[in-house]
Amino acid sequence: MTTDESRESVGDATRLAHLGRNSEQQQGLVNTPVTRASTILFPDLKTLRAGAQEYTYGRHATPTTKALQDALAQLEGAHAAFLTSSGLAAVTTSILSVTKAGDHILVADCVYEPTRKFCTEALSAMGVSVSFFDPLVGADIAKLVTPKTKAVFLESPGSLTFEVSDVAAIADAAHQAGAKVLLDNSWATPLFFKSFRNGVDISIHSVTKYISGHADGMCGAILTNEHAVDDVERMRRLLGQSNGADEAYLALRGLRSLEARLARQTASALEIARWLETRPEVARVLYPALENDPGYRLWQRDFSGAASLFSIVLHPCSNDALARMVDGMSLFSMGYSWGAFESLILPSVPNRSVTEWSEAGTLLRLYIGLEDPNDLKQDLEAALERLE
Ligand SMILES: *Cc1c(COP(=O)(O)O)cnc(C)c1O
């Protein structure tokens, strides 16, 4: 058995089978076991006072949560990783770790709605000023940075609308102004976008989504470089952010098949998205992996793959017609979240501050799961025909 470090020369699919486990240290068991813990005992006063043992309290880490943290950090090339109770908690903890009263944060206008709400409702009330910016701003972010700007928060591709940002150009300008760069990387997973090679200081994941991958666990992860690690670790401890061994085990179990699931789902998503482009009921398909998407060039430059989550915009229709369409589906279901094995459809309205969402028709976010793509197409075809 080789160490995790020596595996850096092998492909990600290979690393997924081996990261975060060490059979020799666990009686030959393939998987890192679930080690539930709150209290962890110290052998003597000296060790207690110095905190001089690897595990000190369940909230800080257990062997199972540490295994997941190590696997995620190594996969994306982070200095360290920390687990949180949810993806949203990873977002909020990250932002609080780099801002305080009197500071300013720049937030991409396409962020996940709860991230926007945290910034406008909680962060503002704490005395941090928030401005939103066009995710397509690129190096011109330099014009928006003030001496008080401590952080730039990105999500690329954006939630619901899937704009792709020039992360490296934005990071460069932000760093010149002394601001940290945070990226919600949930869509790409640690496989398809390597944040730290693109200038990101803090990469955030909703582990709940593709990594856990089976619609049964809530978990977030904050991955950091060496410049942000102390601030993130401090704030995570202050806020009491952590997760349990059961959730970490589910995420580790999901992680093993991440590459295989994504390969299958991306192929299905591309096939379905291309077919949707030809449908008369569909005004637009928003998916940067499609050649005629405005984000295609940057997606191709920066990403090594695409998630199976994208949106379509319908031509304007009545609410009754929309209800006929979505209520009668047999394979696509309506529900929040995405990233598991089953396909989902979600009518949504993008919320904007400085850019405009001017489409008249309904936006539907589609999540393509592991089902046979021909069956999914049939379900969608019948649904679109119910719009008439
Ligand atoms: C779902 C989601 C989150 C929040 O994750 P939870 O684990 O549900 O809290 C954050 N960012 C993005 C982009 C998401 O899609």
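Being a predicted model, the structure only gives us computed values, none of them experimental. (Residues numbered from 1 in each chain as written. Predicted model: local features only at pLDDT ≥ 70, side-chain atom pairs only at ≥ 80, totals over all residues. Heavy atoms only, no water.)

A. Fine view of the packing of aromatic side chains. The full count for this structure, using the stated rule, is six aromatic pairs. Their ring planes at 80° and their centres at 5.9 Å tell us that W187 and F303 sit as a pair that is edge-to-face. Of the two residues, W187 is situated in the loop between β5 (180-184) and α7 (189-192) and F303 in the loop between α11 (296-302) and β9 (309-314); the sequence distance between them amounts to 116 residues. For the pair formed by W187 and F303, the shared burial category is buried. When the ring of F193 is compared with that of F303, the centres are 4.9 Å apart and the planes differ by 40°; the resulting orientation is tilted. Taken together, the residues span a long stretch of sequence, with F193 in the loop between α7 and β6 (202-206) and F303 in the loop between α11 and β9 at a distance of 110 residues. A residue is classified by how much of its surface remains accessible, and F193, at 1% relative accessible area, is buried. The cationic tip of R116 hangs over the ring face of F132; the distance from NZ or CZ to the ring centre is 4.4 Å. (Phe/Tyr/Trp six-rings, centres within 6.5 Å; stacked < 30°, edge-to-face > 60°. Helix = DSSP H or I, 4+ residues; strand = E, 2+ residues; numbered from the N terminus. Buried < 20%, exposed > 50% of the residue type's maximum accessible area, 1.4 Å probe, protein only. Lys NZ or Arg CZ within 6 Å of the ring centre and 35° of its normal.)

B. Here's a closer look at the sheet that holds strand β1 (residues 80-84). As summarised here, the arrangement of the seven strands in space is β1-β7-β6-β5-β4-β2-β3, forming an open sheet in which the pairing is mixed. Strands with a single pairing partner mark the edges of an open sheet, and in this sheet they are β1 and β3 (129-133). The sheet shows a mean angle of 20° between the axes of neighbouring strands, taken without regard to direction. Across four bridges, the pairing between strand β2 (residues 104-108) and strand β4 (residues 149-155) is parallel. For H104, the partnering residue across the bridge sits in β4 and is T149. (Pairing = 2+ DSSP bridges. Axes fitted to C-alpha atoms, helices over the stretch in contact; angles between N-to-C directions.)

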